[in-house]
Amino acid sequence: MTLRLLEFVVGGNEASDLLPVRSAALLRAHGARRGFWTVLDEGPVEHCLALLLELDDGRWTAHHVSADAGTENGRTEDGEALAHHDGWVYVFGSHFGSKGGPLRPRRAFVARFREDDAATGVLPVRVVRNRFRVHRAVNDALTKAAFTPLPPGDRVRSRFVEATLVRGTARAKGWVNRLNPDDLPLNVEAAAFTPAGTVLLGLRFPVTVDGEPILVELAGVPEMFADVPAWPTAVAAYALTGVTPRGALTGFRAFAPAPDGGYAAVIGSIDALGKGSVLLDDHPAGGGVTSRHVRFRLPSQGHLAAGELVADLAPFHHVEGLAELDGRCFYVTDEDHRVALWVG
């Protein structure tokens with residue numbers, strides 16, 4: 001596959017995920033014929049929303065969106081995944097921590113906004129921080145799963161789960177009772193809503209004992225935003241089979257619904273090389289993996305989703321988002337201090 005590179009500087013940070021703009025009003029406001037949402041790494045969600053736009057004259061540009069999360073301003077970090085549902089764009093935090101741990105409550109959030117609102121001024125963003133409730137639901141689902149997750153190494157368990165419990169207990173945090181010493185740390189990197197209104201979360205970590213990516217289906221995500229919030233429950237957990245190179249560990253980096261009812265996805269490394277990752281210290285087979293574009297459908301029964309390779313994206317190790325639109329493939333890669341959009 002031959003790819004064309006488009007480079008942008010947006011807020012001095014790299015991008016995660018790629019979600020097509022559906023709002024005609026938003027495209028008109030920018031004189032654009034198509035566009036994508038992306039979320040910038042690390043900072044609070046209201047500072048990290050951006051648009052990549054193809055203007056009516058064919059030029060591409062980037063727009064850093066001005067947003068306001070109200071009382072939750074400055075209280076989140078590390079948005080990773082974007083998804084459409086019922087007129088809203090949802091943003092999912094990683095629910096993870098820094099590369100050396102511990103888990104960070106600021107990353108355990110879901111936010112949402114109306115696309116049309118971005119066409120008329122400062123974008124209102126509603127944020128719900130779940131204080132490890134999603135962590136608990138996903139871990140409970142993995143405990144009951146029909147496959148075996150890869151056990152974390154001793155350093156991962158100590159630096160992520162045990163250190164989080166120690167810190168939370170010392171600070172008398174109420175969320176400590178939602179963590180167990182034998183939990184798996186979660187790194188959410190992908191999300192998509194199903195036609196039934198449930199959401200699929202694609203995990204970069206953990207993976208199965210065979211090194212294959214895991215996705216967990218949650219119900220009740222929109223209900224988090226009710227005046228009296230209800231909390232998500234796990235429906236099912238699946239393993240993506242047939243697309244992980246022999247001897248490697250691969251996790252989800254992105255996915256998106258496909259018109260045929262299936263899903264397009266990117267799988268790749270469980271963490272970045274050369275950045276002090278405790279995950280890779282314990283699980284080195286998950287580092288030197290190049291990205292792959294795959295497709296899959298949820299099984300009508302059972303827990304195994306059979307994957308099909310669409311494209312090997314070598315030499316890229318760091319594809320963070322994809323979209324299949326108008327017969328073309330778009331990828332965004334994680335680059336230091338820039339946004340790189342690749343068009344196939």
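Relevant structure appears above.
Since the structure is predicted, the reported quantities are computational estimates derived from the model, not experimental observations.

**Q** Explain the overall build of the protein to me, please; I cannot follow it from the model alone.
**A** Each helix and strand in the protein was counted, giving 4 helices and 22 strands. Here the C-alpha radius of gyration of the protein, 19 Å, is about what a compact globule of 344 residues would show, namely 20 Å. The dimensions of the protein, computed from C-alpha atoms along their principal axes, are 55 × 45 × 40 Å. Across the 344 residues of the protein, 59% fall into the buried class. Considering only contacts in the protein between residues 6 or more positions apart, those separated by 24 or more positions represent 61%. Of the accessible surface of the protein, which amounts to about 13,700 Å², a share of 49% is contributed by carbon and sulfur atoms.

**Q** Even after reading the chapter, I still don't get the nonpolar core, so can you show me in this structure?
**A** In a soluble, globular protein the nonpolar side chains are often hidden away together inside. One finds Trp 37, Leu 49, Val 91, Leu 123 and Leu 341 to be the most contacted residues of the largest nonpolar core, which totals 42 residues. For this core, the element with the most residues is strand β4 (residues 49-55), which contributes 6 residues. If sequence neighbours within four positions are ignored, Leu 341 has contacts with Arg 4, Leu 5, Leu 6, Phe 8, Leu 18, Leu 52, Trp 60, Phe 330 and Tyr 331. Trp 88, Leu 142, Phe 193 and Ala 237 belong to the second largest nonpolar core, which has 30 residues in total.

**Q** In this structure, what is going on with a positive patch on the surface? I would like to understand it.
**A** On the surface, Arg 131, Arg 167, Arg 171 and Lys 173 cluster together into a positively charged patch. Residue Lys 173 is classed as partly exposed on the basis of its relative accessible area, which comes to 38%.

**Q** Teacher, can you tell me more about the environment of Glu 335 here?
**A** Within the element layout of this structure, Glu 335 appears in strand β21 (residues 328-335). Glu 335 gets classed as buried once you look at its relative accessible area, which sits at 13%. For the pair Glu 335 and Glu 189, spaced 146 residues apart in the sequence, the C-alpha separation amounts to 16 Å. Beyond its immediate stretch of four places on either side in the chain, Glu 335 contacts Glu 14, His 318 and Ala 340. At 3.2 Å, the side chain of Glu 335 forms a polar contact with the side chain of His 318. Within the local environment of Glu 335, its side chain forms a polar contact with the side chain of Thr 333, the two groups lying 2.8 Å apart.

**Q** Mind showing me how you'd approach helix α3 (residues 154-170) here?
**A** Helical geometry: 3.6 residues make up each α-helical turn, so side chains three or four residues apart lie on a common side. Taking 1.5 Å per residue as the helical rise, α3 with its 17 residues ought to reach 24 Å, and the 22 Å between its terminal C-alpha atoms agrees with that figure. The largest bend along α3 measures about 30 degrees and falls at Glu 162. Taken as a whole, α3 has its buried residues at Val 156, Phe 160, Val 161, Thr 164, Leu 165 and Gly 168. Looking at the residues trailing α3, positive phi occurs at Ala 172, about 55 degrees.

**Q** What is the right way to read the pattern of salt bridges from this model?
**A** Between side chains of opposite charge, a pair can form as their charged atoms come close. Counted according to the given criterion, the structure contains 20 salt bridges. Glu 7 is paired through a salt bridge with Arg 338; the nearest N and O atoms lie 2.0 Å apart. Taken as a pair, Glu 7 in strand β1 (residues 4-8) and Arg 338 in strand β22 (residues 338-343) lie far apart in primary sequence, 331 residues in all. As a salt-bridge pair, Arg 107 and Glu 77 come within 2.9 Å of each other at their nearest N and O atoms. Placement of the pair is Arg 107 in the loop between β8 (88-93) and β9 (109-114) and Glu 77 in the loop between β6 (67-68) and β7 (79-85), with a sequence separation of 30 residues. For the residue pair Arg 107 and Glu 77, the accessibility class agrees, reading buried in each case.

**Q** Please clarify how the sheet that holds β22 should be interpreted in this entry.
**A** The strands that make up a sheet pair up through hydrogen bonds in the backbone, lying either parallel or antiparallel. Taken in spatial order, the 4 strands of this open sheet run β1-β22-β21-β20, and their pairing is antiparallel. Where the open sheet ends on each side, the last strands, each with one partner, are β1 and β20 (319-325). Looking at each pair of strands side by side, their axes are set apart by 20 degrees on average, direction ignored. As judged from the 5 bridges shared by β1 and β22, these two strands associate in the antiparallel manner.

**Q** How do you make sense of the side chain of Arg 34 when you look at a structure like this?
**A** Turning to its location among the elements, Arg 34 is positioned in strand β3 (residues 32-40). For Arg 34, a relative accessible area of 15% gives the class buried. Here Glu 54 takes part through its side chain, which lies 2.3 Å from a polar atom of the side chain of Arg 34. Side chain to side chain, Arg 34 and Asp 326 meet in a polar contact 2.8 Å long. When sequence neighbours within four positions are dropped, the list of residues in contact with Arg 34 reads Leu 27, Leu 52, Leu 53, Glu 54, Trp 60, Leu 325, Asp 326, Arg 328 and Phe 330.

**Q** I'm lost on helix α2 (residues 133-144) in this one. Help?
**A** Over its 12 residues, α2 extends 17 Å from the first C-alpha to the last, a length consistent with the 16 Å expected when each residue adds 1.5 Å. Tucked into the core, α2 has its buried residues touching β13 (199-205), β14 (214-219) and β15 (233-241).

Rules behind the numbers
Residues numbered from 1 in each chain as written. Predicted model: local features only at pLDDT ≥ 70, side-chain atom pairs only at ≥ 80, totals over all residues. Heavy atoms only, no water. Helix = DSSP H or I, 4+ residues; strand = E, 2+ residues; numbered from the N terminus. Rg over C-alpha atoms; globule rule 2.2 N^0.38 Å. Buried < 20%, exposed > 50% of the residue type's maximum accessible area, 1.4 Å probe, protein only. Contact = heavy atoms within 4.5 Å. Areas by Shrake-Rupley, 256 points an atom, 1.4 Å probe, with all protein chains shown as cover. Core = buried A, V, L, I, M, F, W, Y, C linked by side-chain atoms within 4.5 Å. Patch = residues over 30% accessible without salt bridge, like charges linked within 9 Å, V, L, I, M, F, W, Y side chains within 5 Å. Salt bridge = Lys/Arg side-chain N within 4 Å of Asp/Glu carboxyl O. Lys, Arg positive; Asp, Glu negative; His and termini not counted. Charge placed at Lys NZ, Arg CZ, Asp CG, Glu CD. Polar contact = N/O pair within 3.5 Å; in protein donor to acceptor, adjacent residues only side chain to side chain. Expected span 1.5 Å × (residues − 1). Bend = angle between axes of the 7 residues up to and from the residue. Pairing = 2+ DSSP bridges. Axes fitted to C-alpha atoms, helices over the stretch in contact; angles between N-to-C directions.

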